[in-house]
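Breakdown of the fold
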Amino acid sequence: MIAAFSWLMSFSIMAVCWVLRIKGGYLNEYIRIMVYAFLINLCVFTALFLIYCVVKNSKRRKLLCLIEEKGYCDEYYDILRKRLERGGRAKTVLKNALFYNDELLDGERYAAARDALEAVNTDTVSVLGKISLSAAYLKTAAMSRNEDEARKYYTVLNDISDYIIDKKGIGSEIAYAKALYHFLCRDYDNTAQQSLKAIALSESKKQSVDSRLLYALSLLKLGNKEKAKEETLFICREVFTKRQRENLISLMTAVEREYGI
């Protein structure tokens, strides 16, 4: 995109020079102007993009350091809440709301997690956005152990997501939300199946690791302690968030208990 935009800008500069008859109207001179303008634009836009990446990564590192030092604290959530309240395009608001919701769930702030989703105007988001939002509502209800509400969102999600359930990324969100619902209902066979599907369709490391943790736990509930142990040992190398590390410790304790340790 940087290269394409640089070419567009350089061509525009050449066109202006040609209209104003700068350089006497010689074609070779205009081509030279376009090439030089492209190189300058490429350097400028690349530098601006790198500055943007540095600023963005420094903010992300600040958040990571904050959560490592103080845990899921009010200060951390205030930053995410202000980001959501800034608004912006419908797609940006949805993205921020889903991330804020996910982090609140990790901090076990279930009421606030549901409120975060209410910030999204469903009339302005795409069909895929509405499906992601429904999956987030189901996940929130299941993790807060509200079985009646979870059942309602499970039905809604089934009605609107049939054609998209095998799509990478969003298919993983749907499968993981369903897995949480089945776990809430103590249907551990379906929990394992949906967790595996979520792992296969995941496009983010966090989603993959969360799904593996749930898969290992469902295996343990099904009495397959050998497979649960193998999965737990694999997850040890993958966890990276504070909540995942805490869930891994709980899982390891449960596995050890099954082995009589």
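Predicted model only: the values in this text are computed from it and were never measured. (Residues numbered from 1 in each chain as written. Predicted model: local features only at pLDDT ≥ 70, side-chain atom pairs only at ≥ 80, totals over all residues. Heavy atoms only, no water.)

1. As for the packing of aromatic side chains
Aromatic rings considered in pairs are described by the distance between their centres and by the relative angle of their planes. The full count for this structure, using the stated rule, is 9 aromatic pairs. Look at Tyr 76 and Tyr 77: their rings are 5.4 Å apart centre to centre, the planes differ by 65°, and that puts the pair in the edge-to-face class. Considered together, Tyr 76 and Tyr 77 belong to a single accessibility category, that of buried residues. Seen in terms of ring centroids, Tyr 154 and Tyr 181 are 4.4 Å apart; in terms of plane orientation they differ by 20°. Their pairing is stacked. With a gap of 27 residues between them, Tyr 154 in helix α7 (residues 147-160) and Tyr 181 in helix α8 (residues 170-184) connect regions that are remote in the sequence. Taking relative accessible area as the criterion, Tyr 154 reaches 18% and is therefore assigned buried. (Phe/Tyr/Trp six-rings, centres within 6.5 Å; stacked < 30°, edge-to-face > 60°. Buried < 20%, exposed > 50% of the residue type's maximum accessible area, 1.4 Å probe, protein only. Helix = DSSP H or I, 4+ residues; strand = E, 2+ residues; numbered from the N terminus.)

2. A look at a nonpolar patch on the surface
On the surface, a nonpolar cluster with roughly 500 Å² of combined accessible area is contributed by Val 16, Trp 18, Val 19, Leu 20 and Ile 22. Along the chain, the position of Val 19 falls in helix α1 (residues 2-19). Of the residues examined, Val 19 reaches a relative accessible area of 58% and is grouped as exposed. (Patch = residues over 30% accessible without salt bridge, like charges linked within 9 Å, V, L, I, M, F, W, Y side chains within 5 Å. Areas by Shrake-Rupley, 256 points an atom, 1.4 Å probe, with all protein chains shown as cover. Salt bridge = Lys/Arg side-chain N within 4 Å of Asp/Glu carboxyl O.)

3. Details of the side chain of Glu 103
Here Glu 103 is to be found in helix α4 (residues 90-106). The contacts of Glu 103, once residues within four sequence positions are left out, are Ile 67, Tyr 72, Tyr 76, Tyr 77, Leu 80 and Lys 206. (Contact = heavy atoms within 4.5 Å.)

4. Things to note about the pattern of salt bridges
Evaluation of the coordinates by the stated rule reveals 17 salt bridges. Close ionic contact of Glu 29 with Arg 32 constitutes a salt bridge, the shortest N to O distance being 3.1 Å. Separated by 3 residues within a single helix, Glu 29 and Arg 32 lie in helix α2 (residues 27-70), roughly one turn from each other. Note on Glu 29: relative accessible area 26%, which makes it partly exposed. Classification of Arg 32 as partly exposed rests on a relative accessible area of 38%. Each member of the salt-bridge network shares a partner with another, and the members are Asp 102, Asp 106, Lys 139, Lys 206 and Asp 210.

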